[in-house]
Amino acid sequence: MAGKAKILLMDDEQIILDVTNEVLAFLGYDVMFAQDGAAAVELYRREKEAGAPFDAVILDLSVPEGMGGKEAMQKLREYDPSVKAIVSSGYANDPAVTAYSDYGFSAKLTKPYKITDLKATLEELLKK
C-alpha cells in the first residue's frame, strides 16, 4: 500500500518530524504532520471533510507543551471510530504503549524506532 497511503505524523520534536517524514516519503507515503494533538485532530478532521482522509496516524504519546497522543486518540475515536492510529513513545512501560489497544490505538512504535519497524508496522496496519 506504500505509495498510495496518506499518513498523519504528530510529534513535538522537529527532528523526529523531519527524519520520519523523510523516511516515510522514501517508502512512498504521502505525509502531513502536526506538532501536538490538537493540531493533529484538526488536520485529521479537515482532510476527512475535504474527501482526502488519512489512511493512518502516528501519535507521539507525550507532548509537554500541548495535547499528547492519548487525548488526541480519544478525540479522533469520537470523530472517526475507524481511525487507524499508532502510538509512538520512548516510554515503553507506559500503559498506553504496553496495552495500546485499551487506549484505542491499533499498533505501537517504541522510540527510537528503526526504519524496518516503522515500515512493517505501517504495512501491517494498512492491510487491516
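Please read all numbers here as calculations on a predicted model, not as lab measurements. (Residues numbered from 1 in each chain as written. Predicted model: local features only at pLDDT ≥ 70, side-chain atom pairs only at ≥ 80, totals over all residues. Heavy atoms only, no water.)

Quick word on the UniProt feature "domain: Response regulatory" (unreviewed entry) in the protein chain
Now for step 1: Per the UniProt record, "domain: Response regulatory" (unreviewed entry) is found at residues 6–126.
Now for step 2: Between the C-alpha atoms that bound residues 6–126 there is a distance of 10 Å. The span itself is 44% helix and 20% strand. (UniProt positions renumbered as here; feature names shortened; annotations may be inferred. Helix = DSSP H or I, 4+ residues; strand = E, 2+ residues; numbered from the N terminus.)

Let's talk about the UniProt feature "modified residue: 4-aspartylphosphate" (unreviewed entry) in the protein chain
Now for step 1: Within this numbering scheme, the UniProt entry marks Asp60 as carrying the feature "modified residue: 4-aspartylphosphate" (unreviewed entry).
Now for step 2: For aspartate 60, the position within the fold is in strand β3 (residues 56–60).
Now for step 3: Judged by relative accessible area, which is 3%, aspartate 60 ranks as buried.
Now for step 4: Apart from the residues lying within four places of it in its own chain, the contact partners of aspartate 60 are Met10, Asp11, Asp12, Gly68, Gly69, Ser88 and Lys111. (Buried < 20%, exposed > 50% of the residue type's maximum accessible area, 1.4 Å probe, protein only. Contact = heavy atoms within 4.5 Å.)

Let's talk about unusual backbone geometry
Most peptide bonds are trans, and most residues other than glycine sit at a negative phi.
Now for step 1: Note the cis peptide between lysine 111 and proline 112, where omega equals -10 degrees.
Now for step 2: Topologically, proline 112 is positioned in the loop between β5 (107–110) and α5 (115–127).

Some details on helix α1 (residues 14–26)
Now for step 1: Between its first and last C-alpha atoms α1 spans 18 Å; for 13 residues at 1.5 Å apiece the expected length is 18 Å, and the two agree.
Now for step 2: Buried residues of α1: Ile16, Leu17, Thr20, Val23 and Leu24, and no others. Seen along its axis, α1 keeps its buried residues to an arc of 140 degrees; they face one direction. Of the residues in α1, the exposed ones pointing more than 90 degrees away from the buried face are Ile15, Glu22 and Phe26. (Expected span 1.5 Å × (residues − 1). Arc of directions from axis to C-beta.)

So, the packing of aromatic side chains
Now for step 1: Tallied over the entire structure, the rule returns two aromatic pairs.
Now for step 2: Ring centres of tyrosine 44 and phenylalanine 54 lie 6.1 Å apart, and the angle between their planes is 20 degrees; this geometry places the pair in the stacked category. Here tyrosine 44, found in helix α2 (residues 37–49), pairs with phenylalanine 54, found in the loop between α2 and β3; they are ten residues apart in sequence, far enough to count as distant.
Now for step 3: Its relative accessible area of 7% is what places phenylalanine 54 among the buried residues.
Now for step 4: Between tyrosine 44 and tyrosine 79 the ring centres are 6.3 Å apart and the planes differ by 85 degrees, which places this aromatic pair in the edge-to-face class. One end of the pair, tyrosine 44, is in helix α2; the other, tyrosine 79, is in helix α3 (residues 69–79), and 35 residues separate them in sequence. (Phe/Tyr/Trp six-rings, centres within 6.5 Å; stacked < 30°, edge-to-face > 60°.)

Comments concerning the environment of asparagine 21
Now for step 1: On the secondary structure map, asparagine 21 appears in helix α1.
Now for step 2: Overall, the relative accessible area of 23% leaves asparagine 21 in the partly exposed class.
Now for step 3: C-alpha of asparagine 21 to C-alpha of isoleucine 7: the two residues are 14 residues apart in sequence and 9.5 Å apart in space.
Now for step 4: When neighbours within four sequence positions are excluded, asparagine 21 is seen to be in contact with Leu9, Ile16, Val31 and Phe33.

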